Each structure stands twice: as structure tokens, then as C-alpha cells.
Amino acid sequence: MDNPWWHSAVVYQIYPRSFADADGDGMGDLRGIIDHLDHIAGLGADVVWLSPVYPSPQDDNGYDISDYQDIEPVFGTLADFDELLAGVHERGMRLVMDLVVNHSSDEHQWFVESRSSKDSPKRDWYWWRPAREGMEPGTPGAEPTNWGSVFGGSAWEYDPASGEYFLHIFSRKQPDLNWENPEVRDAVYAMMNWWLDRGVDGFRMDVIDHISKDTTLPDGVVRPGAPYGEGGPHYLNGPRNHEFLQEMHRRVFAGRDALLTVGEMPGVTVDEAVLYTDPARKEVDMVFNFDHVWADRGADPWLLYPLRLTRLKAIFARWQAGLAETGWNSLYWNNHDQPRVVSRYGDDSPQWRERSAKMLGAVLHLHRGTPYVYQGEELGMTNYPFGSIADFRDIEALGHYAQAVDHEGRQPADVLTVLRARSRDNARTPMQWDDSPQAGFTTGTPWLAVNPNYKDINAVAAVADQESVYHFYRRLIALRHEEPAVVYGDFTMLLPQDERLYAYTRRFEGVELLVIGNFTGEPVRADIDEAGAWSAAELLLTNAPASADLVLEPWQVVIYRRGVTR
Ligand code: GLC
């Protein structure tokens, strides 16, 4: 079988609200993206993934969609979209849309109809349930299950007009669609076909391991001190999830060429990912797992732990090995839901920001899988110095603050410390284009404040400097396109017990690559067998002067290449 094109591709993610604002209303838009396509093409990316641009009340910044087949007026029009798509294609890139079909907005016509009456033909398109038996509807504890929602509060919203509750795993403005109902699936597939017929090249599928639920809806286990039970085990990777994705494949993707599909799957295990991505099963091309971005947290996502490098390496090693024979990995540090990696696993101080950003980029991109670059990552953009809760916009951050401070009695300062490190708004501050006011993002007032470091960290400065993070990422992407061992090489983790160095080899058809990244601010010697042989090998890429004996400078990464007998 021919290797699919996306094995050697790199995807660039755009978060449209925060990318570029062409009309000065403070919100990014499609024309802003059109104006900056050369930035992405210049980096060498093969695919652009657009976070949602559909009409939306923006309760969760567009992940609450009120019309799946149009464009949010704040972002532009379908004509703008077609122009954007053509601009992407002209540059030899492909465009992947976000597909958010675990839930719609409560303002989607489907839900408006569903809510209108118990007899509505669309009633069963969502998860409506009566109050818990023997309880007065609408009173505390009468919710059909004890599940908490991801953004705080119960996962059930009471509708006084009909006396029933509807399920929302995310916000109350994001009611879950009922995939058990074949009409729902028909409608989703028709919509997907409509976009593909328009020319888009695939989908990134939002929380797609949530679509099949245990239809008996049992209560979840309540962790000590937690206000709600854990619904996850009853709605993640449910009994029909694979069946639904196979049906989607048959009804939407079969017979179409050159698509890319990636399923976002919080909590997915390696074994399940093998099934989801086995080409023979015809489900999705790859999944996003979360293990490596949860490596610095415990069961409670709002507790901070320092990163243990051995844990991070064990996670990657498990995923690399697990999908080596069957299936395919995606590779990412950042997206619109994660804090900036240079602030998280690197060092964003002026001294080491660029060097550690490059090291992190190289360590990630040299794994086997398809890398994703999130806007601003290629500039080494950092977390934002949030001063108070008033600086945040994200529904998750605001929901957590209210829950922790108002209901759990935690100290506001402690909650802010966590949000500063963890909040999704870190990823969502406007893209830093240049050193003009508002970083060239908008001529108006941005919807979320620009990071004050934009005078130093911006695209114009980075493109002008051959030693910038931007040019390093460009070289990394070029290396993937030129060197088959980067795409196909077998992966072997070295030094798994080392807390300071991340080292591995890739081996393919007579070529072996060695990657070593120093995750500390101190020089560290890499005690690797045949060190002499390696330091005599060809140095493909590094971010600091390389020593002769594999002593890595602070935050240095080296990528060596040598010929080997097969
Ligand atoms: C995904 C999105 C996130 C959103 C959630 C609900 O995790 O990436 O931004 O809040 O799904 O749609």
C-alpha cells in the first residue's frame, strides 16, 4: 500500500479569533488569515487546520456552533472562506476544518426545536431525561446523574418549560447531540459531505471519543472532596464509538482522496488508539492523545506538579512503540487548549527562551508521527502574565475560579497561580506579528490582551533573524520533507532513567538519526554508547555550538545522522 501523504506532512493550527484582524473590530477574521498565508507557507507547513469559524454565540469561542454550514459574521462570509481555501490550495497546502459534533450550541435550530416540546420530532436529537426518581425536578440533587460538567457545575441543565433536563458535558450552551439517533448521524454526515464538496481536505474532530455514551447513564464515582461524580467512564470511548466512526468513514470519506482526519480524544489509551487509527478498520487517520500534556498534573487537573522528564519520556516511548506497527501518531505540544510549551516544559526567561523553544520543537518533531504547530509556537510565544481574574476570558478559567473560590473556599491567590500556568487563555492571546501597537494583530482593541513581550517576540523580527525560532522550525519541517528516516524510522528511546536528557534514535534503510535534548539550564554530558562515533557523525541541526564529546549546553538539542549497515 502507498504511504499516505500525511505521514510526511506538518500541520499548522490557526485559532481564528486570535490570528489576525483585518477589519479592526478586535477579533481575528478570515481576511486576516488570507493576508498572512505566506507566513505559513514560508514555514513549509503542508496543512492548515482552522479552529471553528462557523456561526456561534461564542460561549466557548466557537466550539458552540449554531449553524454548521455557514461562516460566523464576525469572521467573514462564505465567499471569504472560498477565497481563503483557494489561497491555501494555491500555495500547495491543504485546509482541514474543525468538526464539533459531540455537541451543538443551544442556539442551533436543532436544539431550539428539540427544546420546544417533548413531542418535537427533534426531541430525541439530544439527551433529555426526567429528574432523578422521587426527586422534585429542578431542586438540588434531582439531576438525572451526578456528573459534573467540564467547565464546572452539573452536566445537566433543567428546562422548566418541559420539566426535563438536557445533558451538556461542556457548558450549558453546548448540549450533547444524541448519536444513538440515526437522523442525527445522517445530518452530520450530510454536513461533512457539503464541506468536502466545497473543497476542504479533512477534519479535526473535536472530542470525538465522547459521541457514544453508556445509554443507561449511571452515576459516576465521587472523588473525596469533589462536588460531582465522574461521568467520564460512562461517556468516553463508549460502546458504539468505533461503529460510529466506521459508519462516518463509509458515508463521508470512502472514495475521496487525499483527506486528513484526526480525532481529538482526551483520555484515549494506546490500545484504543491502535484500533482508532488502524487503516484497515477505516476510522480516523490519527488521534490526539493527552498523556504528554497531562504529564505535569495529577488526577485533579488544577494541581501543579513540576515536570518529571522520565515520566514524559515514558509516555512518548509507550505511544511510539504502541503505534509502531499499526496506526499513526500525532505530535503536538501546543494548541488552543494548552499553555505555551516554552513556558511549561522549557524556560521562557530572556536568556533561554529561544534556545529552549527550539529544543522542544526538535525533540517533538523528530518523533514518528505527524507534527502540529500551533500559531505563535514558531515564534516561541510565551504564557501571559495574568494579573487578576479580570484578565481572563476563557469559560474554563472563569468557571474554575468561581468553583474553587466561591464553592470550595480556596484562596484567590492560589487559584490565580494555577490559572497563570494552566489557563487556555495563555494560548489565545493575539498572534504577535510586529512591534507596532497591539503587535499588528488589530488596529482596534483586541478581545484578549496582547502579551507585553511583543516588541521582542514577533513574526517580523523572527523572519528577519536567521537564528530565530521561526527559522529553526522551518528547518525542522524541511528536514521531515527531505529525510525519510524522520518520517519512517524505527524509534528507540535512550537513557529512559535520565531526568535531564531526552535522547532517542530513529533508524531507516541504512540511516540512523540521534536526537538529544537537554531539558535543563546546566551543561550535561550524554553518556551514550559509542559517543565517539556519534560526535563524528554529520550534525544536521543544533541550537548552540556543539561540543566534540556530546556535552550538551543548557537547553541544547543536537540531531546527528550517520550511515549504518542494515
Ligand atoms: C475540545 C476543544 C476545546 C473545547 C471543547 C469543547 O477539547 O479543543 O477548546 O472547549 O472541546 O468543545
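Our subject in this report is the structure included herewith. The structure presented is a predicted model; accordingly, all values stated were derived computationally and were not measured.

Rules used in this analysis
Residues numbered from 1 in each chain as written. Predicted model: local features only at pLDDT ≥ 70, side-chain atom pairs only at ≥ 80, totals over all residues. Heavy atoms only, no water. Helix = DSSP H or I, 4+ residues; strand = E, 2+ residues; numbered from the N terminus. Buried < 20%, exposed > 50% of the residue type's maximum accessible area, 1.4 Å probe, protein only. Areas by Shrake-Rupley, 256 points an atom, 1.4 Å probe, with all protein chains shown as cover. Lys, Arg positive; Asp, Glu negative; His and termini not counted. Charge placed at Lys NZ, Arg CZ, Asp CG, Glu CD. Pairing = 2+ DSSP bridges. Contact = heavy atoms within 4.5 Å. Axes fitted to C-alpha atoms, helices over the stretch in contact; angles between N-to-C directions. Near = heavy atom within 4 Å. Polar contact = N/O pair within 3.5 Å; in protein donor to acceptor, adjacent residues only side chain to side chain. Nonpolar A, V, L, I, M, F, W, Y, C, P; charged D, E, K, R; others polar. Right-handed = clockwise from strand over helix to strand, strands pointing away. Phe/Tyr/Trp six-rings, centres within 6.5 Å; stacked < 30°, edge-to-face > 60°. Lys NZ or Arg CZ within 6 Å of the ring centre and 35° of its normal. Parallel < 35°, antiparallel > 145°, perpendicular 65-115°, else oblique. Left-handed = near helix turned anticlockwise from the far one by under 90°. Salt bridge = Lys/Arg side-chain N within 4 Å of Asp/Glu carboxyl O.

**Considering the overall build of the protein chain**
Helix and strand counts for the protein chain come out as 18 helices and 18 strands. Considered along the principal axes of its C-alpha atoms, the protein chain spans approximately 75 × 55 × 50 Å. Looking at the protein chain residue by residue over its 566 residues, the buried ones come to 60%. Surface accessibility of the protein chain: about 21,200 Å² in total, with carbon and sulfur atoms responsible for 49%. Computed over 51 positive and 86 negative side-chain charges, the inter-centroid distance for the protein chain is 3 Å.

**Quick notes on the sheet that holds strand 2 (residues 47–50)**
If you walk across this open sheet you meet the 8 strands as 9-8-7-3-2-1-11-10, and the pairing is parallel. For this open sheet the edge positions go to strand 9 (286–288) and strand 10 (330–331), each flanked by a neighbour on one side alone. Here strand 8 (residues 260–264) pairs with strand 9 via 3 bridges, running parallel. By the bridge assignment, valine 262 is partnered in strand 9 with methionine 286. Its contacts with the sheet put helix 7 (residues 241–253) on strand 3 (94–99), strand 7 (202–205) and strand 8, and the angle it makes with strand 7 is roughly 160°.

**Thoughts on the site of the ligand**
Not every one of the 14 residues close to the ligand is listed here, only the nearest: Asp60, Asp206, Glu264, His336 and Asp337. Separating an oxygen atom of the ligand from a side-chain N or O atom of arginine 204 is a distance of 3.0 Å. The contact in question runs from an oxygen atom of the ligand to an N or O atom on the side chain of histidine 336, over 2.8 Å. Here the ligand, which alone exposes 310 Å², has 96% of that area covered by the protein. Residue composition of the shell around the ligand, grouped by class: 4 nonpolar, 3 polar and 7 charged.

**Regarding the pairing of strand 2**
Every second residue of strand 2 is oriented toward a common face, with Val47 and Trp49 on one face and Val48 and Leu50 on the other, all of them buried. As paired strands, strand 1 (residues 11–14) and strand 2 are joined by 4 bridges and run parallel to one another. In the strand pairing of strand 2, tyrosine 12 is matched with valine 48. Here strand 2 pairs with strand 3 via 4 bridges, running parallel. When the sheet's bridge partners are listed, valine 47 is paired in strand 3 with arginine 94. Of the crossover connections in this fold, the one passing from strand 2 over helix 3 (residues 78–90) to the parallel strand 3 is right-handed.

**Comments concerning the packing of aromatic side chains**
By the definition in use, this model includes 32 aromatic pairs. Between tyrosine 54 and tryptophan 195, the ring centres sit 5.6 Å apart and the planes meet at 75°, which makes this aromatic pair edge-to-face. Of this pair, tyrosine 54 sits in the loop between strand 2 and helix 3 while tryptophan 195 sits in helix 5 (residues 182–198); the two residues are 141 residues apart in sequence, bridging distant segments of the chain. A relative accessible area of 0% places tryptophan 195 in the buried class. Site record: aromatic cluster; members linked through ring pairs are Phe316, Trp333, Tyr345, Phe491, Tyr502, Tyr504 and Phe519. One cation-aromatic arrangement involves arginine 94 over tryptophan 5; the distance from NZ or CZ to the ring centre is 4.0 Å. Above the plane of the ring of tryptophan 534 lies arginine 562, whose end atom (NZ or CZ) is 4.0 Å from the centre.

**Overview of the packing of helix 12 (residues 395–407) against helix 13 (residues 412–422)**
Closest axis-to-axis distance for the helix 12/helix 13 pair is 10 Å, and the angle between their directions is 150°. Accordingly, the angle class assigned to the pair helix 12 and helix 13 is roughly antiparallel. Considering only the axes of helix 12 and helix 13, their crossing is right-handed. Of the residues in helix 13, those in contact with Ala397, His400, Tyr401, Ala404 and Val405 of helix 12 are Pro412, Val415, Leu416 and Leu419. Looking at side-chain class alone, the contact of helix 12 with helix 13 contains 8 nonpolar, 1 polar and no charged residues.

**Observations concerning the pattern of salt bridges**
What the rule picks out here adds up to 38 salt bridges. Measuring nitrogen to oxygen at the nearest pair gives 2.7 Å for the salt bridge that ties arginine 91 to aspartate 38. With a gap of 53 residues between them, arginine 91 in the loop between helix 3 and strand 3 and aspartate 38 in helix 2 (residues 37–43) connect regions that are remote in the sequence. Taking relative accessible area as the criterion, arginine 91 reaches 31% and is therefore assigned partly exposed. For the salt bridge of lysine 173 with glutamate 107, the shortest nitrogen-to-oxygen distance reads 2.7 Å. Of the two residues, lysine 173 is situated in the loop between strand 6 (164–167) and helix 5 and glutamate 107 in the loop between strand 3 and helix 4 (109–116); the sequence distance between them amounts to 66 residues. Its relative accessible area of 45% is what places glutamate 107 among the partly exposed residues. A network of salt bridges, in which partner residues are shared, links Asp60, Asp337, Asp394, Glu396, Arg424 and Arg428.

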